[in-house]
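One-letter residues, chain by chain:
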Amino acid sequence: MNTIEISEKYLMKTYGRQPMAAASGQNCVCTDEDGKQYIDFGSGIGTNSLGYCNDAWADAVCKQVRKIQHTSNYYYTDVQAAFVQKLCGITGYQKAFLGNSGAEANECAIKLARKYSFDKYGEGRGTIITLKNSFHGRTMMTLTATGQDVFHNYFFPFPTGFAYAEANNLDDLKSKLDGTVCAVMMEMIQGEGGVCAMEKEFVQAAAKLCEENDILFIVDEVQTGVGRTGTFLASEQFGVHPNVTTLAKGLGGGLPIGCCLADEKCAEVMGPSSHGSTFGGNPVVCAGALAVLEQVSAEGFLEKVQQKAAYIREAVAKCSDVAAVTGLGLMIGIALKTKDAHDVMDKARENGLLILTAKEKVRLLPPLTISQEEIEKGLKILLPLLEN
Ligand SMILES: *Cc1c(COP(=O)(O)O)cnc(C)c1O
């Protein structure tokens, strides 16, 4: 049996997988077990923010593995300290909680919001408003937070305490503020929901509404964060500084890390024993994440991301079957006029290009470190598939 057959036999079939077994990679190029090379316009799934096996990242990780691979969070490590200091410095947040995934980062945000409210107002103010068409994760709590009915199946009973407002509809959001609400949580660009950016006016009005009612404003930047959209946080481009921001996907450069960041209003809410994670803030993972932060925050790095994004967006927009190019920066949604996004994805893979889909759109999340040569190689395969 080969890799695909063994995997199909022994793994639960929770993913609709592509028939490709990845063996190795270098920056934007992934090589499969048969030696076939692909340009990867998906960074795995937005995770390999510095591409495959970035030198500085790999060195930092390997060095840490040989120094101390893990200890309990009952102790301190220098690399965890250096990482959160750098992250808070870049983002302007006061405190971080470290977990292992996006869902865990959002779990922390939800618990933090409810405790913030409980500490101040007591019980009865536990509702979290999220947006329709959102995606916040796969744990029971974050699945419930996800504002899509298709996710609210099979696993009954779901936790209570969530309400769903329409994106970009301030009146609808206002109508849901019934006195039981402790937080509003949203993505700046709905990723799994189809690469749909929020309107700036809506985001700002929602943030203001939260401030006026002492409701925490939580932004899920699990997909949009860490330079993906051309600024370190996407919320910077919307002119807001949320009380809580969650990060994951690209943060570890391909290692599992999730982070919940809190501002001065709520940084002290989570005290001893209120939350925890055995592996959260693991030294090896933090070494990798610190290497990501060092590169993404380096002078000129994000300007280059913006330039690359503009170049790809312009090239794609010219194709005759493209109805719209959505998202921001290197988080690119492509709405098609007649073609099926999954067909485009299959053909691209056959021709040596890995891309993603989101709902009915093609989705691109190329590594932030993609070179001009790799962009050209990928576009040479992609653009003809977007012509009719
Ligand atoms: C991927 C994603 C999550 C879930 O992250 P996991 O690491 O899979 O738990 C949550 N929110 C958003 C916006 C995401 O894109």
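Look a little higher up for the structure.
Residues numbered from 1 in each chain as written. Predicted model: local features only at pLDDT ≥ 70, side-chain atom pairs only at ≥ 80, totals over all residues. Heavy atoms only, no water.

### Looking at the pairing of strand 14 (residues 331-336)
What counts here: The classification of residues rests on relative accessible area computed with a 1.4 Å probe and restricted to protein chains. Under 20% of the type maximum is buried, over 50% is exposed, and intermediate values are partly exposed. Every helix listed is a DSSP run of H or I at least four residues long, and every strand listed is a run of E at least two residues long, numbered separately from the N terminus. Only when DSSP finds a minimum of two bridges between them are two strands counted as paired.
Among the 6 residues of strand 14, 6 are classified as buried, and the element is accordingly described as predominantly covered. Alternating positions in strand 14 separate into two faces, M331, G333 and A335 on one and I332, I334 and L336 on the other, with burial throughout. Taken together, the 6 bridges between strand 13 (residues 322-328) and strand 14 define a ladder with antiparallel strand orientation. What sits directly across from L328, in strand 14, is M331. From the end of strand 13 to the start of strand 14, which pair antiparallel, there are 2 residues, and G329 there has a positive phi angle of about 60°.

### A word on a nonpolar patch on the surface
Our working rule: Here the term patch refers to residues with relative accessible area over 30% and no salt bridge, with like charges joined within 9 Å and nonpolar side chains (Val, Leu, Ile, Met, Phe, Trp, Tyr) within 5 Å. Per-residue accessibility takes into account occlusion by the displayed protein chains alone, with areas from the Shrake-Rupley method and a 1.4 Å probe. For this document, the term salt bridge refers to a Lys or Arg side-chain nitrogen within 4 Å of an Asp or Glu carboxyl oxygen.
Side chains of M1, I6 and Y10 sit close together on the surface and give an oily, nonpolar patch of about 370 Å² of accessible area. Mapped onto the elements of the fold, M1 is located in the segment before helix 1 (3-10).

### Focus: the sheet that holds strand 12 (residues 258-262)
The criterion, for reference: Only C-alpha atoms enter the line fits that serve as axes; for helices the fit covers just the stretch in contact. Angles between N-to-C directions range over 0 to 180 degrees. By definition in these notes, contact holds between two residues if any of their heavy atoms fall within 4.5 Å.
Ordered in space as 4-12-11-10-7-5-6, the 7 strands form an open sheet in which the pairing is mixed. Single-partner strands in this sheet number two, and they are strand 4 (95-99) and strand 6 (162-165). Strand-to-strand twist in this sheet, taken as the mean axis angle between neighbours without regard to direction, amounts to 20°. By the bridge criterion, 4 bridges tie strand 5 (residues 127-131) to strand 6 in an arrangement that is parallel. Its bridge partner lying in strand 6, T130 is registered against Y164. Strand contacts of helix 4 (residues 78-91): strand 4, strand 11 (244-247) and strand 12, with the helix running at about 125° to strand 4, the strand carrying the most contacts. Packed on one face of the sheet, helix 8 (residues 200-212) meets strand 5, strand 7 (181-186) and strand 10 (216-220) and runs near 145° to strand 10.

### Considerations on the site of the ligand
Going by this rule: We call a residue near a molecule or strand when any one of its heavy atoms sits within 4 Å of it. Whenever a nitrogen or oxygen atom comes within 3.5 Å of another N or O atom, the pair is scored as a polar contact, on the condition that within protein one atom can donate a hydrogen and the other can accept it, and that pairs from neighbouring residues in sequence are kept only if both atoms are in side chains. Three classes are used, and their members are as follows: Ala, Val, Leu, Ile, Met, Phe, Trp, Tyr, Cys and Pro are nonpolar, Asp, Glu, Lys and Arg are charged, and the others, Gly among them, are polar.
Every residue near the ligand is listed here: S101, G102, A103, N106, F135, H136, G137, E187, D220, V222, Q223 and K249. At 3.3 Å from a nitrogen atom of the ligand is found a main-chain nitrogen or oxygen belonging to F135. Separating a nitrogen atom of the ligand from a side-chain N or O atom of D220 is a distance of 2.8 Å. The fraction of the free accessible surface of the ligand (380 Å²) that becomes covered by protein chains is 81%. The biggest single contributor to the shell around the ligand is helix 5 (residues 102-121), with 3 residues. Counted by class, the shell around the ligand contains 3 nonpolar, 6 polar and 3 charged residues.

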